[in-house]
Amino acid sequence: MGHVEKPRLVASDVDGTLLGPSEAVTPRTVAVVRRVIDDDVPFVLCTGRPPRWIAPIAGPLRLTGYAVCANGAVLLDIGKDSVVAVHGELDPKLLHDLAGALEKALPGCRLAAERIGTGAVDHDLRNFVIEPEYHNPWGDGEGRTAMRAEVLGKTAIKLLISRRGMTSEEMAEAARAVLDGAVDITYSSSGGLIELAAPGITKATGLADVAARFSVPAESVIAFGDMPNDVEMLQWAGHGVAMANGHRAALAVADEVTGPASEDGVAQVLERWF
């Protein structure tokens, strides 16, 4: 079971972990998160989501602290709506090199780039630019459509690649074969979308930064997640908890498996202490 000490910092993935199929935070989860905060224990969101997708989750939970966004590339201060740190940006030259290699590995793939300004939304910056026919498995219709040259033309924190007719697992394998460690490749959905970040940038590096700011050692951190982009974080934390319906990669490294998000799996564990 790992440690039974009360955690001094709680970290949680959002989609598939804190949020179930309804995509809303349940009253039980809201209640336990508020008890964590009232107990002066930081509750940190650690997500693949960009900063502009944090407010709808942070609002109901009354979170004003830190959120690790874009799989560790961005640290957001939720209360101040300000970007505190940006790690490992991808410059346009690297983006062009990556696109050339991906075209060989995944012919017909479509690209999108996530960029960051100074706050969660930067109106002077096109935060999310997508190629025509880019396919988002979440189907949110977000993003400003642009030609490939423009998608790759500015520094990005994340390059996203979609390819219809393939799973994310298959795409990641093909991309790793040609990119050979130049970037970290992960995914948070199996629906044909992979995410590329600067090498060594993960939710674990982002969470380590936050823990250091609170002077909390890794062994006093509990972390929750369900997908391959949570693996490093679950390994880094003193107690890593995977969701029952999670990806096999997350289940393989967890110290404990809790119920699925649809059954308030995060709350089930945190209620032991809070």
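Model, not experiment: these values are computed from the prediction. (Residues numbered from 1 in each chain as written. Predicted model: local features only at pLDDT ≥ 70, side-chain atom pairs only at ≥ 80, totals over all residues. Heavy atoms only, no water.)

**A short note on the layout of surface pockets**
Going by this rule: Residues are said to line a cavity or pocket when one of their atoms sits within 4 Å of a point; the points come from a 1 Å grid over protein atoms alone, cavities being sets where a 1.4 Å probe fits but cannot get out and pockets being open sets with protein on both sides within 12 Å along at least five of seven lines. Grid points are joined across faces, edges and corners, and a volume is the space filled by probe spheres set on the points. Strands here are runs of E lasting at least two residues and helices are runs of H or I lasting at least four, both read from the DSSP assignment and numbered beginning at the N terminus. Any residue outside Ala, Val, Leu, Ile, Met, Phe, Trp, Tyr, Cys, Pro, Asp, Glu, Lys and Arg is labelled polar, Gly included; the first ten of those are nonpolar and the last four are charged.
In this structure, the largest pocket occupies an estimated 720 Å³ of space. What lines the largest pocket is a set of 36 residues, among which D15, G16, E23, R49 and W138 lie closest to the centre. Listed by contribution, the elements that provide at least two residues to the lining of the largest pocket are α2 (55-61), β9 (158-162) and β11 (193-197). If one sorts the elements of the lining of the largest pocket by residue count, α2 sits on top with three residues. By residue class, the composition of the lining of the largest pocket is 16 nonpolar, nine polar and eleven charged. Approximately 220 Å³ is the volume attributed to the second largest pocket. Contributing to the lining of the second largest pocket are I37, D40, V41, P42, F43, V44, R62, L63, T64, G65, Y66 and F214.

**Overview of the pattern of salt bridges**
Note the threshold: Salt bridge, as used here: a side-chain nitrogen of Lys or Arg that lies within 4 Å of a carboxyl oxygen of Asp or Glu. For every residue, the accessible area (1.4 Å probe, protein chains only) is compared with the maximum for its type, and the residue is labelled buried under 20%, exposed over 50%, or partly exposed between those bounds.
All chains considered together, the criterion is met by 14 salt bridges. Its salt-bridge partner being K6, residue D39 comes within 2.5 Å of it at the nearest N-O pair. Taken together, the positions of D39 in the loop between α1 (27-38) and β2 (43-46) and K6 in the segment before β1 (9-12) put the pair 33 residues apart, joining distant regions of the chain. On the basis of relative accessibility, which here comes to 39%, the residue K6 falls in the partly exposed class. The partner of R110 in a salt bridge is E133, and the shortest N-O contact between them spans 3.9 Å. Of this pair, R110 sits in strand β6 (residues 110-114) while E133 sits in the loop between β7 (128-130) and β8 (144-145); the two residues are 23 residues apart in sequence, bridging distant segments of the chain. When salt bridges that share partners are traced, they join D13, K203 and D230 into one network.

**Some words on the nonpolar core**
The following threshold applies: Each nonpolar core is a collection of buried residues, namely Ala, Val, Leu, Ile, Met, Phe, Trp, Tyr and Cys, held together in the definition by side-chain atoms within 4.5 Å. Contact definition: two residues touch when any of their heavy atoms are within 4.5 Å.
In this structure, L45, L102, L159, I161, I194, L196 and L270 are the most contacted members of the largest nonpolar core, which totals 68 residues. Top element by residues in this core is helix α3 (residues 92-105). It accounts for six residues. Not counting residues up to four positions away in its chain, the partners in contact with L270 are V10, V32, V36, F43, I222 and F224.

**Considerations on the packing of α3 against helix α5 (residues 168-179)**
To keep things clear, this is the line we draw: Only the contacting stretch of a helix is used when fitting its axis, a line to C-alpha atoms as for every element, and angles between N-to-C directions run 0 to 180 degrees. With respect to orientation, any angle under 35 degrees is reported as roughly parallel, any angle over 145 as roughly antiparallel, any angle of 65 to 115 as roughly perpendicular, and every other angle as oblique. Crossing handedness: left-handed means the near helix sits turned counterclockwise from the far one by under a right angle, and right-handed means the same turn made clockwise.
Close contact between α3 and α5 brings their axes to 9 Å; oriented N to C, the two are set at 125°. As far as their axial angle goes, α5 and α3 are oblique. For α3 against α5, the interelement crossing comes out right-handed. Residue-level contacts link L98, A101, L102 and A105 of α3 to A174, A175, V178 and L179 of α5.

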